[in-house]
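# Reading the structure
As a plain string of letters, each chain reads:
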Amino acid sequence: MTRNSKFSMGKLMIQLLCVLIGIVSLYPLVWMVASSFKESSQVFVSAHSLIPRSWDFSNYTTGWRGFAGITFGTFFKNTIIIVCSVVTGTVVSCSLIAYGFARIPFRLKGFWFGTVMLTLLLPGQIVQIPQYIIFHKLGWVNTFLPLIVPAFFGSAFFIFLLLQFIRTIPYELDEAAKIDGCSRFGIFARVIMPLITPALVTAAIFEFYWSWDNFFGALIYLGKPQLYTISVALRLFADPSSGTDWSAMFAMATLSLIPPILIFFVFQRYIVEGISTTGLKG
Amino acid sequence: MKQKIGKAGGLENGAGYLFILPWIIGFIAFTAIPFVALFYFSFTNYDLLSTPKWIGLDNFIRMFTTDEKFFTSLKVTFFYVLTAIPLRLIFALFIAMLLNMKIKFVGVYRTAFYVPSIIGGSVAVAVMWGQLFGLNGAVNGIIGAVTGTPPNVSWIANPDTALWTLILMAVWQFGSPMIIFLAGLKNIPESYYEAAVVDGANAFHRFVKITLPLLTPVILFNLVMQIIGGFMTFTQGLIITAGGPLDRTLFYQLYVYRQGFEFLDMGYAAALSCFLLLIVAVLTALVFKSSSSWVHYESKG
């Protein structure tokens, strides 16, 4: 009996510990959402309270007005255009490239695959300066092009992810399709693509996260307010020198987190599996 | 030529190159050419408007002889990587072990713990963090509620605590390494532990003799990814503390950004990036080299 009660005491302690860590994990976010409903004057009075004294929804309309005559509608639209293009580009190009590496024998394959592995370990930020200079010379600065176009040429991480996935598909399926008269592209489109859908979804979700959060790229390439993404807009919105309306700021920050969090809850399985099998960093 | 020949016989150069063509173009245009350009620009003085002027090693000499901020940013970044990364990994491993136990609501906890990481890189979270740790922020509010008097300090504006608030934020976002650890833990056969229990091993022994050794490949992976990521820290430093106070949070990448995009000193920024490349390459090589002595690979088969 004593053994048994000690046992459940241990379980209770673990539950308590988990709840505690959960509170620490979520408190900042709940606090931000709560602050977005507080009157501006109340945000930093009894700041730790999570329940607004009176619910003030006007922060959302105030915040939405944005700045320089440009509403958050524009910033959201810009972000969505960029993110959708990047995700499409990544999924299309990376699946083609991964298939090429996984299934087709060709000359110098080892060399080209080596370049994929090399860029996997090379942090992209290292070449940001020369990349900027090149895009500047091309006249692409202050357009979405530097943020979108590279996605259509593959990214090492997702190529590797999809490649690993394709390798688990039995080669006999390709053979059978070939005998049935399928071309290389036919095999890719009709046999492989449907089978790697889970991996494609994982890649799409992570690319969504990275481009939704992409702050540095937007910061250096988008210099005009009408081109700003939410990240850059939020940053300027929170400019300490201009006496920020913090509740409005938190309202817009809350809105900006809704799409990523929504996606997380819808695709949780893919995200957790994707990260644990490939080690993508979120 | 040691190529794997397809069962249909022979190389299919045309089809192969057609499929990987996007990669070849992208690699040359967005990686190889910028990479070569990086070295070229690092030997020049270039303000983006006039033509680059070749100045030999001047940028590198400037870095090591006259530029104190260069050393400051190196120090800040190394301190951050050496504290935040081990803390985050230890915390992630601890929590992964917690979640690996058979407890109720495990799915709920996993989700709750992981959410901060999923949105971690966003400006919204950085802004929020700055306000939490401000003079009138919620953290001081909580301390005040517990002790009676809120401390009269802004954690992000105080030179002694600013970097620590960013380290705390990094630890708070322990979710991604946690999930990877969790996957690694699930791969360890239950029977190993059962056998150890029969042999009378206590929890500590089981952790040191079974869990840690079998987890070393995952630890290596997490370590390499987190070190590389740690050296690229930027958003937090710009949004939360703007590199201050007294340059105590002047991350290396933030300094590169300032030189390049605020002072338009592209040549110098390129030289700084070159040096960062060297640091990351050496550290990664060191970790991989040392790994042969501590990473335990189970022979599969």
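Residues numbered from 1 in each chain as written. Chains lettered and ligands numbered in written order. Predicted model: local features only at pLDDT ≥ 70, side-chain atom pairs only at ≥ 80, totals over all residues. Heavy atoms only, no water.

## Digging into the overall build of chain A
Summing up its helical and strand segments, chain A has 14 helices and 0 strands in all. Traced from its N-terminal end to its C-terminal end, chain A shows the element sequence α-α-α-α-α-α-α-α-α-α-α-α-α-α. Here the C-alpha atoms of chain A give a radius of gyration of 24 Å, more than 25% beyond the 19 Å that 2.2 N^0.38 yields for 282 residues. In chain A, which comprises 282 residues, the proportion classed as buried is 52%. By sequence separation, contacts in chain A at least 24 residues apart represent 69% of the contacts at least 6 residues apart. Carbon and sulfur atoms make up 69% of the accessible area of chain A, which totals about 12700 Å². Across chain A, the mean location of the 19 positive side-chain charges is 6 Å away from that of the 11 negative side-chain charges. (Helix = DSSP H or I, 4+ residues; strand = E, 2+ residues; numbered from the N terminus. Rg over C-alpha atoms; globule rule 2.2 N^0.38 Å. Buried < 20%, exposed > 50% of the residue type's maximum accessible area, 1.4 Å probe, protein only. Contact = heavy atoms within 4.5 Å. Areas by Shrake-Rupley, 256 points an atom, 1.4 Å probe, with all protein chains shown as cover. Lys, Arg positive; Asp, Glu negative; His and termini not counted. Charge placed at Lys NZ, Arg CZ, Asp CG, Glu CD.)

## Digging into the pattern of salt bridges
All names here are of chain B. Considering all chains together, one arrives at 6 salt bridges over all chains under this definition. A salt bridge links Asp160 to Arg248, with the nearest nitrogen and oxygen atoms 3.7 Å apart. Here Asp160 is found in the loop between helix H6 (138-147) and helix H7 (162-172), whereas its partner Arg248 is found in the loop between helix H11 (235-241) and helix H12 (252-262), with 88 residues between them in sequence. Residue Asp160 is classed as exposed on the basis of its relative accessible area, which comes to 56%. (Salt bridge = Lys/Arg side-chain N within 4 Å of Asp/Glu carboxyl O.)

## Concerning a nonpolar patch on the surface
A cluster of nonpolar side chains, Val30, Leu50, Ile51, Trp55 and Phe57 of chain A, forms an exposed patch at the surface whose accessible area comes to about 540 Å². Mapped onto the fold, Leu50 of chain A is located in the loop between helix H1 (2-35) and helix H2 (58-64). (Patch = residues over 30% accessible without salt bridge, like charges linked within 9 Å, V, L, I, M, F, W, Y side chains within 5 Å.)

## Quick look at the packing of H12 of chain B against helix H13 (residues 266-294) of chain B
Residue and element names in this part refer to chain B. In contact at an axis separation of 7 Å, H12 and H13 are set at 160° when each is read in the N-to-C sense. The angle between the axes of H12 and H13 places the two elements in the roughly antiparallel class. The hand of the H12/H13 crossing is left-handed. Listed contacts from H13 to Tyr252, Gln253, Tyr255, Val256, Gln259, Gly260 and Phe261 of H12 are Met266, Tyr268, Ala269, Leu272, Ser273, Phe275 and Leu276. By residue class, the composition of the contact of H12 with H13 is 10 nonpolar, 4 polar and no charged. (Axes fitted to C-alpha atoms, helices over the stretch in contact; angles between N-to-C directions. Parallel < 35°, antiparallel > 145°, perpendicular 65-115°, else oblique. Left-handed = near helix turned anticlockwise from the far one by under 90°. Nonpolar A, V, L, I, M, F, W, Y, C, P; charged D, E, K, R; others polar.)

## Thoughts on the nonpolar core
With 194 residues, the main nonpolar core has Phe101 of chain A together with Phe113 and Met128 of chain B as its most contacted residues. With near-sequence residues (within four places) excluded, Phe101 of chain A lies in contact with Phe106, Lys109, Trp112, Phe113, Val116, Ile159 and Leu163 of chain A together with Ile20 and Trp23 of chain B. (Core = buried A, V, L, I, M, F, W, Y, C linked by side-chain atoms within 4.5 Å.)

## Focus on the UniProt feature "transmembrane region" (unreviewed entry) in chain A
All names here are of chain A. Those places that UniProt annotates as "transmembrane region" (unreviewed entry) correspond, in this numbering, to residues 12-34, 80-99, 111-135, 147-166, 187-212 and 246-267. Counted over residues 111-135, helix gives 76% and strand 0%. Its end C-alpha atoms are 27 Å apart. Measuring from the first to the last C-alpha atom of residues 246-267 gives 32 Å, for a span that is 95% helix and 0% strand. (UniProt positions renumbered as here; feature names shortened; annotations may be inferred.)

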